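# Report on the structure
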Amino acid sequence: AAKPAASATKSSTGASGGSHYAQLGAFASKASAETAWHKLNGRFSSLKSLQPHYATGTSHGKTVVRLQVGLSSSERAHELCAALKKQSQACIPVN
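Residues numbered from 1 in each chain as written. Predicted model: local features only at pLDDT ≥ 70, side-chain atom pairs only at ≥ 80, totals over all residues. Heavy atoms only, no water.

Turning our attention to the nonpolar core. Residues Leu-24, Trp-37, Leu-47, Leu-67 and Leu-80 are the most contacted members of the largest nonpolar core, which totals 20 residues. Those elements that provide at least two residues to this core are strand S1 (20–27), helix H1 (30–43), strand S3 (62–71) and helix H2 (74–86). Beyond its immediate stretch of four places on either side in the chain, Leu-67 contacts Ala-22, Gln-23, Leu-24, Gly-25, Phe-27, Ala-33, Ala-36, Trp-37, Leu-40, Pro-52, His-53 and Tyr-54. (Core = buried A, V, L, I, M, F, W, Y, C linked by side-chain atoms within 4.5 Å. Buried < 20%, exposed > 50% of the residue type's maximum accessible area, 1.4 Å probe, protein only. Helix = DSSP H or I, 4+ residues; strand = E, 2+ residues; numbered from the N terminus. Contact = heavy atoms within 4.5 Å.)

This part covers the state of the cysteines. Inspection of every chain in the model, using the stated rule, returns one disulfide. A sulfur-sulfur separation of 2.0 Å characterises the disulfide bridge that pairs Cys-81 with Cys-91. Between Cys-81 and Cys-91 the disulfide shows an S-S torsion of about -60°. By sign, it is left-handed. Remark: Cys-91 occurs in the loop between H2 and strand S4 (92–94) and Cys-81 occurs in helix H2; sequence separation between them is 10 residues. The burial state of Cys-81 is the same as that of Cys-91; both residues are buried. (Disulfide = S-S within 2.5 Å.)

Per the stated rule, a full pass over the model turns up two salt bridges. The residue Glu-34 makes a salt bridge to Lys-30 at a minimum N-O spacing of 3.8 Å. In this pair, Glu-34 and Lys-30 both sit in helix H1, four residues apart, roughly one turn of the helix. The class for Lys-30 is partly exposed, based on a relative accessible area of 34%. Between Arg-76 and Glu-79 there is a salt bridge; the shortest N-O distance is 3.3 Å. Placement of the pair is Arg-76 and Glu-79 together in helix H2, with a separation of three residues, close to one helical turn. Overall, the relative accessible area of 37% leaves Arg-76 in the partly exposed class. (Salt bridge = Lys/Arg side-chain N within 4 Å of Asp/Glu carboxyl O.)

Within the element layout of this structure, Ala-26 appears in strand S1. For the pair Ala-26 and Arg-66, spaced 40 residues apart in sequence, the C-alpha to C-alpha distance is 4.2 Å.

Structural remark: α-helix, 3.6 residues per turn; residues separated by three or four positions point the same way. Taking 1.5 Å of rise per residue, the 14 residues of H1 would be expected to cover 20 Å, and the 20 Å separating its terminal C-alpha atoms lies within 8% of that figure. All of the buried residues along H1 are Ala-33, Ala-36, Trp-37, Leu-40 and Asn-41. Axial view of H1: buried residues confined to an arc of 130°, hence all on one face. Opposite the packed face of H1, turned more than 90 degrees from it, sit the exposed residues His-38, Lys-39, Gly-42 and Arg-43. In this structure, the buried residues of H1 make contact with S1, strand S2 (52–59) and S3. (Expected span 1.5 Å × (residues − 1). Arc of directions from axis to C-beta.)

Right, let's get into H2. With 13 residues, H2 should cover 18 Å at 1.5 Å per step; its first-to-last C-alpha distance of 19 Å lies within 8% of that length. Turning to H2, its buried residues are Ala-77, Leu-80, Cys-81 and Leu-84. When H2 is viewed along its axis, its buried side chains cluster within an angular range of 100° and face the same direction. H2 presents Glu-75 and Lys-86 as exposed residues on the side facing more than 90 degrees away from its buried surface. Tucked into the core, H2 has its buried residues touching S1, S3 and S4. Count one or two residues on from H2 and you reach Ser-88, which has phi positive near 65°.

Structure below.
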């Protein structure tokens, strides 16, 4: 299951739409993050125009791959997360 993770060590492994990000989940592998992206992209029309960004980092001593989408501003990241949370989708704005 996707769960937000704490410390971020960003590594760009996907296209991004900006310098601000909304994190949609954290996964044990890039394959799991990619599968989640395909499901979320099909479920939420607000994600259709966005590109996934896979950021590798650590959480509780384990490597995680964070599924994020790039946005043009911090405000847009907060707006997207607010809209997704109303639909019971976890989302955390990150910079």
